[in-house]
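Each chain, written out:
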Amino acid sequence: MNNRFRVTSKGGKFVNYIYTATLIPNEDKSKYYCRVPDLPGCITTGNSIEDAIEMITDAASGWLVVAEDEGNEIPPATPQPELDIPENAFCSIIRIDTFAYRAATDTRSVRKNVSLPAWMAALAEKRGVNCSQVLQDGLMQIFRLPQNYNA
């Protein structure tokens, strides 16, 4: 099973991953133990099925972002019939978009110097134009992302 969909742009490679997560309820189903068998150490818990899926998706996103950043090998997804799934567990397919995860979690600003003709800089200042915001808006259009992408 191919767990990666690649989208290439001038800005680089963005990758989506699809993995199986296993969820095991406790006796009264008030907690769920979750893991992604293909990602060693990727475990968490949730208070409901919905919470558990959200939590394991977040944990897997963090796991994959670190692996990408450190150049670690990212294991392929194992087909569900080949997974060792405990008897009381059930499976959920999770989709991880590391680009979206980065946009949502790394909201710090980075200073970039740009060159403008002097007349344009003077006119922008006179008219109260925020050049930083104009650059951000332009890049969002080039990347075809909604204006509230990291909100």
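Residues numbered from 1 in each chain as written. Predicted model: local features only at pLDDT ≥ 70, side-chain atom pairs only at ≥ 80, totals over all residues. Heavy atoms only, no water.

J.: How do you make sense of unusual backbone geometry when you look at a structure like this?
T.: Positive phi values are uncommon outside glycine, yet K29 reaches one of about 60°. Checked against the element boundaries, K29 lands in the loop between β2 (12-25) and β3 (32-35). Residue K29 is classed as exposed on the basis of its relative accessible area of 54%. (Helix = DSSP H or I, 4+ residues; strand = E, 2+ residues; numbered from the N terminus. Buried < 20%, exposed > 50% of the residue type's maximum accessible area, 1.4 Å probe, protein only.)

J.: What am I meant to see in the nonpolar core here?
T.: Residues Y19, V36 and I94 are the most contacted members of the largest nonpolar core, which totals 19 residues. Secondary structure elements with two or more residues in this core: β2, β3, α1 (49-70) and β5 (90-97). In this structure V36 touches Y19, T20, A21, C42, I56, A60 and I94, once residues within four positions along its chain are discounted. (Core = buried A, V, L, I, M, F, W, Y, C linked by side-chain atoms within 4.5 Å. Contact = heavy atoms within 4.5 Å.)

J.: Can you help me understand the pattern of salt bridges in this one?
T.: Pairing between side chains of opposite charge can happen when the charged atoms of each approach one another. Enumeration according to the criterion identifies two salt bridges in this entry. R102 is the salt-bridge partner of E68, the closest N and O atoms lying 2.8 Å from each other. In this pair, E68 sits in helix α1 while R102 sits in helix α2 (residues 98-105), placing the two residues 34 residues apart along the sequence. Judged by relative accessible area, which is 26%, E68 ranks as partly exposed. The exposure class of R102 is partly exposed, given its relative accessible area of 28%. Its salt-bridge partner being R102, residue D69 comes within 2.9 Å of it at the nearest N-O pair. With a gap of 33 residues between them, D69 in helix α1 and R102 in helix α2 connect regions that are remote in the sequence. (Salt bridge = Lys/Arg side-chain N within 4 Å of Asp/Glu carboxyl O.)

J.: Where do I start with the packing of α1 against α2 in this structure?
T.: In a packed pair of helices, the relevant descriptors are the angle between the two axes and the axis-to-axis distance. Where α1 contacts α2, the axes come no closer than 10 Å and their chain directions differ by 100°. Accordingly, the angle class assigned to the pair α1 and α2 is roughly perpendicular. For the pair α1 and α2, contact is made by D58, S61, G62, L64, V65, E68 and D69 and by T98, Y101 and R102, respectively. In terms of residue class, the contact of α1 with α2 is made up of three nonpolar, three polar and four charged. (Axes fitted to C-alpha atoms, helices over the stretch in contact; angles between N-to-C directions. Parallel < 35°, antiparallel > 145°, perpendicular 65-115°, else oblique. Nonpolar A, V, L, I, M, F, W, Y, C, P; charged D, E, K, R; others polar.)

J.: For this particular structure, what's the right way to read the environment of R35?
T.: Tracing the chain through its elements places R35 in strand β3. Sequence spacing of R35 and T22 is 13 residues, and the spatial spacing of their C-alpha atoms is 5.5 Å. Non-local contacts of R35, meaning those with residues more than four positions away in its chain, are made with T20, A21, T22, C42, I43 and I56.

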